[in-house]
Structure formats: structure tokens, C-alpha cells
Amino acid sequence: MNRFDNQLWKRFLVIAQPFFYPLEPGSSKVFLGLLLLLLVFLFAVVFVLVAGVTLGSQYLFPEFFNSIAPGLYETITGLIESPWIVVFGLMLILPLIAAFNYKENLQSRWQPWAFLAILLFLSVSVSGLNVIISYVSNFFTTALSEKNESEFWRFLFVYAGVFIVGIPIVALYGYTRDRLANFWRRWLTDKFLNNYFENRAYYQIESQRQIDNPDQRISEDIKSFTRTSLVFLLILLNSIIDIISFSGILWTISKNLSVFLLFYAVFGTVITVLIGRRLIPLNFNQLRREADFRYGLIHVRDNAESIAFYQGEEQESIQIKERFMRAFHNFNLLIGWQRNVDYFTTGYRYIVIILPSLIMAPLYFSGEIRFGDITQANFAFSQVLSAFSVVVSQIEALSAFAAGINRLATFSEALEPDNTTPSPGEPRIDLTIDSPLALEHITLNTPNYQKTLVTDLSLTLEQGQGLLIMGNSGAGKSSLLRAIAGLWRSGTGQLVRPDLQEMLFLPQKPYMILGTLREQLLYPYTEQGVDDQKLYEVLELVNLGYIPKQVSGFDVELDWANVLSLGEQQRLAFARLLLSQPSYAILDEATSALDLKNEERLYQKLQETKTTYVSVGHRLSLLKYHHQVLELQGDTQWRVVSAEDYQADLNVLS
Ligand SMILES: Nc1ncnc2c1ncn2[C@@H]1O[C@H](COP(=O)(O)OP(=O)(O)OP(=O)(O)O)[C@@H](O)[C@H]1O
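Worth saying up front: this structure is predicted, and the values here are computed from it rather than measured.

Parameters and conventions
- Residues numbered from 1 in each chain as written.
- Predicted model: local features only at pLDDT ≥ 70, side-chain atom pairs only at ≥ 80, totals over all residues.
- Heavy atoms only, no water.
- Axes fitted to C-alpha atoms, helices over the stretch in contact; angles between N-to-C directions.
- Helix = DSSP H or I, 4+ residues; strand = E, 2+ residues; numbered from the N terminus.
- Left-handed = near helix turned anticlockwise from the far one by under 90°.
- Contact = heavy atoms within 4.5 Å.
- Nonpolar A, V, L, I, M, F, W, Y, C, P; charged D, E, K, R; others polar.
- Core = buried A, V, L, I, M, F, W, Y, C linked by side-chain atoms within 4.5 Å.
- Buried < 20%, exposed > 50% of the residue type's maximum accessible area, 1.4 Å probe, protein only.
- Pairing = 2+ DSSP bridges.
- Salt bridge = Lys/Arg side-chain N within 4 Å of Asp/Glu carboxyl O.
- Expected span 1.5 Å × (residues − 1).
- Bend = angle between axes of the 7 residues up to and from the residue.
- Near = heavy atom within 4 Å.
- Polar contact = N/O pair within 3.5 Å; in protein donor to acceptor, adjacent residues only side chain to side chain.
- Areas by Shrake-Rupley, 256 points an atom, 1.4 Å probe, with all protein chains shown as cover.
- UniProt positions renumbered as here; feature names shortened; annotations may be inferred.
- 1 Å grid on protein atoms, 1.4 Å probe; cavity = no way out; pocket = protein on both sides within 12 Å on 5 of 7 lines; lining within 4 Å.
- Points joined across faces, edges and corners; volume = space filled by probe spheres on them.

### Regarding the packing of helix H8 (residues 149–197) against helix H10 (residues 214–253)
Part 1 of the reasoning: Where H8 meets H10, the axes come as close as 9 Å, and the angle between the chain directions of the two elements is 145°. In the crossing of H8 with H10, the sense of the turn from one axis to the other is right-handed. Judged by residue contacts, Tyr173, Arg177, Asp178, Leu180, Ala181, Trp184, Arg185, Leu188, Thr189, Phe192, Leu193 and Tyr196 of H8 engage Pro214, Ile218, Ser219, Ile222, Lys223, Phe225, Thr226, Arg227, Ser229, Leu230, Val231 and Leu234 from H10.
Part 2 of the reasoning: Of the residues contributing to the contact of H8 with H10, the split by class is 15 nonpolar, four polar and five charged.

Here it is in C-alpha cells:
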């Protein structure tokens, strides 16, 4: 979890690869191979372009071209006439053959690849542009120092020309990188959201408390993952270009220096990774604590009224400050370790400034090399070394990136269907989709199997009838409904129930969605078209006929949970039930906040719809709307009696 190792690399591929190439066994090698071939192809394309421009310019205005790029035409024609041309040909053809070979997997992903190709091409162009600018500025300053006026003006215009070509390339480069990152983010967010809502993973994750702050992982972590991945890919590409361009020069000047550089870079990387390892868990915790802090603030916003009633400001403020202090202390640790890493990396960089001279000086003093060789070696050395030292220079960003990868990977693993359900060793309630609803020898446990709520429970609910579940608070009434809904499956026995599409559950806390009154009423089937008249009639049935007028129609979005009273929210939920008229309704204390008159009215309407229903409730007034009573007596004991018998028993007792 806290290391730069193979597992981290695999985790990175599992998240990053599917956008570009399907994830199958062995497919990562193909994906990385294709990425490499894309680079090879782009280098060849750049060569063809440079050769084309050179030959064209030489043909059209040879004198001018030779004066601004002396020797380029000869180098290009030399390459074209040498065997290298075959290599360039292969660099163009092989990637195309490979792409054709894997076209089935690439076809549906042509857009990301096209984006990536453009981005990498622009990146190579920007590097090329920098080289051209360095040459032009060299000629330009030389002309100045030699007081060569005509040369000065000529290169001033060339300079301006390069800028005109360069400006859109540089601007497009940043734009393409961010577009691709954004496009990738959309794809990845979509994928995570689909998995999050599939098989109620969001519920399982929350109830098993496996993963902290999934909201932050989906919103922030994915965003920085996509952008940082691209940034590192581009840094890597630039390093490769630098190594290709300058290591040859360095090798010809000094083999000793080249060998030394390699050892120095490896040594630096190993030490940096060893010190920097500590940064991964600290970054991981920082992300978590920042999210906890933010969640604390959201919690206050969501519960503003309750807190205000309790006058809980002081307590809340202490809580949130504690959360903030956890983020603060961790951040102090993080920057402390960043300072430790900086001690090393800064030393590493400083030594580089004098080392080449130190190695080359004896050769220079003995007359083996010229002074110019030292300056050129210095430049090549610093270029190659910085290319080899990506890890040293980027360790802080890399460790934050690694922490982000781990957060996304653990989240993605938790979302896999196998992980959102109990492991195979743990007994589970069998499910049969059929009707009527029946429980056969059900023993129900809490999800962690710590508590048994009911043993060997059997009952059948005939169609069109009502079952009332009663019992003390905490006896397991709501839990039984969770089992019927399939939210809890820890236990044994057999559950027979119709498909969930035919059932509507009204939970204990009325749930108000973020949306309009219309969507509120039609939830969860907000797509169905129901005319306003029908909606109005149903609202009348639940005594809420005044609401549309009060809020100016059905299409106004409001914070319903705060605008409506609890009883109104319960009646609104009941309206949903009367609108969708499911075959089965499961009501968990769905009328507990209502007066008896309203309760009676709602149950009468429900009985008229011929819906089969299961209610949980404490009020004896509910008895008359139900046929059977399941009483949970505590200590896993239970009994099923008819509503009349239950009432008769009560009469006897009183
Ligand atoms: N996610 C959970 N994990 C572990 N135990 C839980 C979980 N949810 C509830 N419980 C426990 O299961 C028991 C039954 O809870 P349940 O909500 O079913 O009670 P209830 O009979 O509906 O109570 P009430 O009438 O107060 O609503 C309680 O002891 C509760 O603490």
C-alpha cells in the first residue's frame, strides 16, 4: 500500500488502461507495446515533416534557408541516402500493422488514441520548437555581439516567424492535454458511478464502512488521476527525447562522465524512493482527512435545523475543528518529510553543477580536451541527468499520485460485485423470485453476524392482504424489511418475494430527492409521463392538495426535506405509493408522524388499490388495516397471529 512497487504499477494499469484498451489477462503488454509504437510512429512522422520542410525550403529559397539553418539540408539528405531511411520506413509501417492487427480492440477507442496521438505530437513539436528557438537566439545574439546588422535583422524576423508558428502549438498543447484529461475523467467517472450504483454497492460500502469518503474519490481523486497520468506521460516522453538527443553527444565527449552519470542517477533514484516512500501514506491520509473535514461541514449544513434546536453549535464547532486539526497535523508531518526529501534532492542537484567540471578538469589541464568540450559536456550532462532523474525531481508529485492511485484502486476493488456481498463462507439467505411473499425458516443476523435478530421465522402473506410487524424498538423490525429488500442477506433460510420492480418500499425516514415536486412524486420512475391533473388528484388523496399552489406548480426545485414538515413528507411518500400502485408495498413506520385521521385516510386508499402490504408500526390503531400480525418478542422469538386474535389478546390483558 505504501510503496512504489509492482502492485502499485498494476493498480495504476487497472485504472488507467481500460480507457485505451480492454483489460484482459496479458493485455497490458499489448497496451504498453501499442503506446510505444505510437511514439515510434510519431518520431517518424516528425522526421518526414522536418525533411519535407527542409527539402521544400531548399528548393524554393536555398540561400535564405542555408543562412538560417546551416547544415540542416546536408544532414537530412545524408540521412535519406543512408540505410537509416529503411529504419524510418519501418518506424512508419510497423505501428500501422500493429494497429491493424489489434483493430477490434482499438476501433471503439479510436477517440482517446487520436487525442493521445495529437497530444504526443504536439509535445514533440514543443520540444522541437525549443531547440529551434535556442538555435535562432544563439545566431541572433551572436549577430548582436559581432555588430552584424543585416544578420541581426534577418534573425529578428526569423525569431518573430518562429513565435508566430510556435504560439498556437504551445497553446494547443496545453489545451489538448486538458481536453484529453477531461474526456478521460468523464469516462472514468461514468465507470465508477455505474459500479457504485450497480448491485447497491453504495449501500454495502456504507454499511460495511469499508471505504472512507467515496464522494471524494469519485470527484477529486479521479480528476487528479487523469490529469497527473498525462502530465507524467509527457514528462516521460520529454525525458526520452532528451536522452536520445544528448546521450550520444555526452558519450562522444566523455565515456567516464557517461558511466558516472548513470550510476549517479540510479543512486539518486534509489535514495529518493527510500526517503520518499514515507510520503505515500502521508498523502493518502491527507486526502482522507481533508475529505473528513469537508464532510463534517456538509453534515452541519444538512442538519442545520436540528443543531440549531439543540443549540449544538459549540459541540459541532469542536468536532469540526478536531477534524481540521487532524488534517493540519498530518499536513505538518507531510511537509516535514517533504523537507527531508528536499535536503537530499537539492544536494543532488547542486552537486551536478560542479561534478562534470570536476571530472573533465584533469583532462582539460592535461590538454586532452578543449574548453568548449567542457561547456558542451556540462550542458549534455545536465540534460541527460535531469532526464534520468525524473523520480528525484518529481518525488513529491509521484507520492501524491501513488496515494491517489491507491485510493482509487481500493475503491474500485470494493465496488467489485464479489466484494459487496458477504464472502462465500458466511451463510446467506436464499432468494427465490416468486409470489406470494413468504419467509421460510429465516434466521436473520446483522451484517457482521454479531447479533441474531430472529430465528426460524416462517410466514406467508396472501395477495391483497396486509401484514403488520410489531415489537419493541430494536427487536429487528426494520431489519426484516431490509432482508426482504435484499439489502441484508446475512442469515439462513429461504425468502420468496416478487421482483423488486413490483415492490415499493417506504423507509422509516421519508426520503426527499433533490428535484422538482413532479420528480418527487414519480420517484424512482421519474421518466414516466403523468399529467398534472393526475398528480393533483393523488395529492388531494393524501391531503396535500395545497402544495402545488404553495410552491408555484410541479416544476419548482426546492430543498424539500426542509420545506415540508415530517408529516407532509410522509404523506408525499404515500402519494408516490398511490401513483405507482405497486403489487407490493413495504411501509416502515410510514405514517408515524401523522394524526390518526390522516393515517386512516391513507390506509383506506391503500386498501382500495389492492396492493399487498407489509407495515412496521407501534400504533395499535394500525391493527384494523391488517390481516396478520408478526410480533417480534425479542431474544429472537416471534409469533404470527391474526389481527383479530392479537386485538383479543390485548383486550384480555387490559
Ligand atoms: N448496519 C447495522 N449493523 C449492525 N447492527 C445493526 C445495523 N443496523 C441496525 N442494527 C442493529 O440491529 C438491531 C435491530 O435494528 P432495527 O432497525 O431492525 O430495529 P427496529 O425493530 O426496527 O427498531 P425501531 O422500532 O426502533 O425502529 C438493533 O439492535 C440495531 O442496533
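What follows picks up the thread again.
### Re the nonpolar core
Part 1 of the reasoning: Core analysis: the largest hydrophobic core is formed by 57 residues, its most contacted members being Trp113, Leu116, Leu120, Trp184, Phe225 and Phe411.
Part 2 of the reasoning: Only helix H1 (6–16), helix H2 (27–60), helix H7 (110–145), H8, helix H9 (201–208), H10, helix H12 (279–302) and helix H16 (390–415) provide two or more residues apiece to this core.
Part 3 of the reasoning: Sorting elements by how many residues they give to this core places H16 first, with ten residues.
Part 4 of the reasoning: Listed in part, the 41 residues of the second largest apolar core include Ile547, Phe554, Leu622 and Val641.

### Digging into the sheet that holds strand E5 (residues 491–497)
Part 1 of the reasoning: One open sheet holds the four strands; their spatial order is E1-E5-E2-E3, and the pairing between them is mixed. Each of the sheet's edge strands pairs with one partner strand only, and the pair in question is strand E1 (430–433) and strand E3 (452–461). Averaged over all pairs of adjacent strands, the angle between strand axes in this sheet comes to 10°, irrespective of strand direction.
Part 2 of the reasoning: For strand E2 (residues 437–445) and E5, the ladder comprises five bridges, and the chain directions are antiparallel. Bridge pairing links leucine 439 to leucine 495 in E5.
Part 3 of the reasoning: Against the sheet, helix H17 (residues 477–485) engages E2, E3 and E5, with an angle of about 120° to E2.

### Describing the pattern of salt bridges
Part 1 of the reasoning: For the coordinates displayed, the defined rule picks out 15 salt bridges.
Part 2 of the reasoning: A salt bridge links arginine 518 to aspartate 532; the nearest nitrogen and oxygen atoms lie 2.8 Å apart. Placement of arginine 518 in helix H18 (residues 517–522) and of aspartate 532 in helix H19 (residues 532–541) is noted, with a sequence separation of 14 residues between them.
Part 3 of the reasoning: Between aspartate 555 and arginine 518 there is a salt bridge; the shortest N-O distance is 2.9 Å. Pair noted here: aspartate 555 is in the loop between helix H20 (547–550) and strand E8 (557–558) and arginine 518 is in helix H18, with a separation of 37 residues, a long-range link.
Part 4 of the reasoning: The exposure class of aspartate 555 is exposed, given its relative accessible area of 51%.

### Considering the environment of glycine 52
Part 1 of the reasoning: Tracing the backbone through its elements, the reader meets glycine 52 in helix H2.
Part 2 of the reasoning: Overall, glycine 52 belongs to the partly exposed group, its relative accessible area being 41%.
Part 3 of the reasoning: Separated by 273 residues in sequence, glycine 52 and methionine 325 have C-alpha atoms that sit 62 Å apart.

### Describing H8
Part 1 of the reasoning: Helix length check: H8, at 49 residues, gives a terminal C-alpha distance of 71 Å against a target of 72 Å (1.5 Å per residue), a fit within 8%.
Part 2 of the reasoning: Within H8, the axis deviates most sharply at glycine 166, by approximately 30°, and proline proline 168 lies no more than four positions further along.
Part 3 of the reasoning: Asparagine 199 sits one or two residues past H8 and shows a positive phi near 50°.

### Thoughts on the packing of H10 against helix H15 (residues 371–388)
Part 1 of the reasoning: Running from N to C, H10 and H15 point in directions that differ by 145°, and their axes come no closer than 8 Å. The handedness of the crossing between H10 and H15 comes out as left-handed. On H15, the residues touching Ser239, Asp242, Ile243, Phe246, Ser247, Ile249, Leu250 and Ile253 of H10 are Asp373, Gln376, Ala377, Phe379, Ala380, Phe381, Gln383, Val384, Ala387 and Phe388.
Part 2 of the reasoning: Residues of the contact of H10 with H15, tallied by class, amount to twelve nonpolar, four polar and two charged.

### Topic: the environment of leucine 13
Part 1 of the reasoning: Relative to the elements of secondary structure, leucine 13 occurs in helix H1.
Part 2 of the reasoning: Aside from chain neighbours lying at most four places away, what touches leucine 13 is Pro18, Leu23, Ser28, Phe31 and Leu32.

### So, the site of the ligand
Part 1 of the reasoning: Residues in contact with the ligand amount to 17 residues; listed here are only the nearest, Lys451, Ser473, Lys477, Ser478 and Ser479.
Part 2 of the reasoning: Between the ligand and lysine 451, the relevant distance is 2.6 Å, taken from an oxygen atom to a side-chain nitrogen or oxygen of the residue.
Part 3 of the reasoning: Between an oxygen atom of the ligand and a main-chain N or O atom of alanine 475, the distance comes to 3.2 Å.
Part 4 of the reasoning: Burial of the ligand by the surrounding chains reaches 69%, relative to a free accessible area of 640 Å².
Part 5 of the reasoning: Among the elements that take part in the shell around the ligand, H17 stands out by supplying four residues, more than any other.

### So, the UniProt feature "domain: ABC transmembrane type-1" (unreviewed entry) in the chain
Part 1 of the reasoning: In the numbering used here, UniProt assigns the feature "domain: ABC transmembrane type-1" (unreviewed entry) to residues 117–400.
Part 2 of the reasoning: A helix fraction of 92% and a strand fraction of 0% characterise residues 117–400, whose end C-alpha atoms lie 27 Å from each other.

### A short note on empty space enclosed by the protein
Part 1 of the reasoning: For the coordinates displayed, the defined rule picks out two cavities of 30 Å³ or more.
Part 2 of the reasoning: In this structure, the largest cavity occupies an estimated 60 Å³ of space.
Part 3 of the reasoning: Forming the boundary of the largest cavity are Ile429, Asp430, Leu431, Ala483, Gly486, Trp488, Arg489, Leu495 and Arg497.
Part 4 of the reasoning: Elements supplying a minimum of two residues to the lining of the largest cavity: E1 and E5.
Part 5 of the reasoning: Each residue belonging to the lining of the largest cavity can be placed in one class, and the counts come to five nonpolar, one polar and three charged.
Part 6 of the reasoning: Roughly 40 Å³ of internal volume is contained in the second largest cavity.
Part 7 of the reasoning: Those elements that provide at least two residues to the lining of the second largest cavity are E2, strand E4 (466–471) and H17.
Part 8 of the reasoning: For the lining of the second largest cavity, the class distribution of residues is nine nonpolar, no polar and no charged.

### A look at unusual backbone geometry
Part 1 of the reasoning: Between serine 435 and the following residue, proline 436, the backbone shows a cis peptide bond with an omega angle of 5°.
Part 2 of the reasoning: With respect to the helices and strands, the residue proline 436 is situated in the loop between E1 and E2.
Part 3 of the reasoning: Geometrically, the link from tyrosine 523 to proline 524 is a cis peptide bond, its omega value of 5° lying close to zero.
Part 4 of the reasoning: Position of proline 524 relative to the elements: it lies in the loop between H18 and H19.
Part 5 of the reasoning: Positive phi outside glycine occurs at glutamine 311, with the angle close to 50°.
Part 6 of the reasoning: Inspection of the secondary structure assignment puts glutamine 311 in the loop between helix H13 (304–310) and helix H14 (313–365).

### Focus: the UniProt feature "domain: ABC transporter" (unreviewed entry) in the chain
Part 1 of the reasoning: According to UniProt, the "domain: ABC transporter" (unreviewed entry) feature falls on residues 437–652.
Part 2 of the reasoning: Helix and strand shares over residues 437–652 are 33% and 29% respectively, and the end C-alpha atoms of the span are 31 Å apart.

### Considerations on the pairing of strand E11 (residues 628–634)
Part 1 of the reasoning: The element E11 is extensively covered by neighbouring structure, given that five of its seven residues are classed as buried.
Part 2 of the reasoning: Of the pairings in the sheet, the one linking E4 to E11 comprises five bridges and is parallel in character. The residue bridging methionine 470 from the neighbouring strand is glutamate 631, located in E11.
Part 3 of the reasoning: The sheet contact formed by E11 and strand E12 (residues 637–642) spans six bridges and is antiparallel. Looking across to E12, one finds that glutamate 631 is bridged to arginine 639.

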